[in-house]
Amino acid sequence: MGFSEGSESAGAKLFKTRCASCHTTGAGEASKTGPNLHGLFGRHTGSVAGFNYSDANKNAGVTWDQDQLFNYLENPKKFMPGNKMAFAGLKKEKDRNDLITYLKAATK
């Protein structure tokens, strides 16, 4: 299965509790432990200027879209072996759909 629209408000809550400690979403906001996610959709892996990515991320050759994120967020280490993201993933499809729906709005 792949991405389908979820709840933006539920995704905002997930972002706040599971992602915001490492990521920002606004234009011009600094990266934290993870890169700033502004402009995420259509961006190539490992391409935020000034962020120290793993070689796995820099060389993955992935362009982020909702389907790639849906698969990545299930199990980041399996999707991209060798990446540095310390996140086990979101196993529930609903959670991934909600988070991606939020990110589509928050990272424009």
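The structure presented is a predicted model; accordingly, all values stated were derived computationally and were not measured.

## Some thoughts on the nonpolar core
Grouped together as the largest cluster of nonpolar side chains are 19 residues, with contacts concentrated most on Phe15, Trp64, Leu73, Leu99 and Leu103. Among the secondary structure elements, those contributing two or more residues to this core are α1 (8-19), α3 (66-74) and α5 (93-106).

## Considerations on the environment of Ala88
On the secondary structure map, Ala88 appears in the loop between α4 (76-79) and α5. For Ala88, a relative accessible area of 59% puts it in the exposed group. In this structure, the C-alpha to C-alpha distance between Ala88 and Thr107, residues 19 residues apart in sequence, is 22 Å. Apart from residues lying up to four places away in sequence, Ala88 is in contact with Glu74, Asn75 and Pro76.

## Notes on α5
The terminal C-alpha atoms of α5, which comprises 14 residues, lie 20 Å apart, in line with the 20 Å expected from a rise of 1.5 Å per residue. For α5, the complete set of buried residues consists of Arg96, Asn97, Asp98, Leu99, Ile100, Thr101, Tyr102 and Leu103. On its buried face, α5 sits against α1 and α3.

## Topic: the environment of Leu69
Its place among the elements puts Leu69 in helix α3. Taking the relative accessible area as the measure of exposure, Leu69 reaches 5% and is therefore buried. With 30 residues separating them along the chain, Leu69 and Leu99 place their C-alpha atoms 9.7 Å apart.

## Topic: the state of the cysteines
Taken as a whole and assessed by the stated rule, the structure comprises zero disulfides. Cysteine Cys19 remains unbridged, with the sulfur of Cys22 as its closest cysteine sulfur at 8.6 Å. A residue is classified by how much of its surface remains accessible, and Cys19, at 11% relative accessible area, is buried.

## With respect to the UniProt feature "domain: Cytochrome c" (unreviewed entry) in the protein chain
According to UniProt, the positions carrying the feature "domain: Cytochrome c" (unreviewed entry) are residues 6-107. Structurally, residues 6-107 is divided into 42% helix and 0% strand, and its ends, taken at the C-alpha atoms, are 16 Å apart.

## Brief notes about α1
Residues that lie three or four places apart on an α-helix share one face, since the helix turns once every 3.6 residues. Those residues of α1 lying buried are Gly11, Leu14, Phe15 and Cys19. For α1, the arc enclosing every buried residue in end-on projection is 105°, short of the 170-degree limit, so these residues lie on one face. Exposed side chains of α1 directed beyond 90 degrees from the buried face belong to Ser9, Lys13, Lys16 and Thr17.

## A look at the side chain of Asn57
Tracing the backbone through its elements, the reader meets Asn57 in helix α2 (residues 55-58). Taking the relative accessible area as the measure of exposure, Asn57 reaches 10% and is therefore buried. Residues within four places of Asn57 in sequence aside, it is in contact with Thr45, Gly46 and Met80.

## Examining the packing of α1 against α5
In a packed pair of helices, the relevant descriptors are the angle between the two axes and the axis-to-axis distance. For the pair α1 and α5, interaxial distance at closest approach is 7 Å and the crossing angle is 95°. On the basis of their axis angle, the class for α1 and α5 is roughly perpendicular. Facing α1, whose interface residues are Glu8, Ala10, Gly11, Ala12, Leu14, Phe15 and Cys19, α5 presents Lys94, Asp95, Asp98, Leu99, Thr101, Tyr102, Leu103 and Ala105.

What counts as what
- Residues numbered from 1 in each chain as written.
- Predicted model: local features only at pLDDT ≥ 70, side-chain atom pairs only at ≥ 80, totals over all residues.
- Heavy atoms only, no water.
- Core = buried A, V, L, I, M, F, W, Y, C linked by side-chain atoms within 4.5 Å.
- Buried < 20%, exposed > 50% of the residue type's maximum accessible area, 1.4 Å probe, protein only.
- Helix = DSSP H or I, 4+ residues; strand = E, 2+ residues; numbered from the N terminus.
- Contact = heavy atoms within 4.5 Å.
- Expected span 1.5 Å × (residues − 1).
- Disulfide = S-S within 2.5 Å.
- UniProt positions renumbered as here; feature names shortened; annotations may be inferred.
- Arc of directions from axis to C-beta.
- Axes fitted to C-alpha atoms, helices over the stretch in contact; angles between N-to-C directions.
- Parallel < 35°, antiparallel > 145°, perpendicular 65-115°, else oblique.

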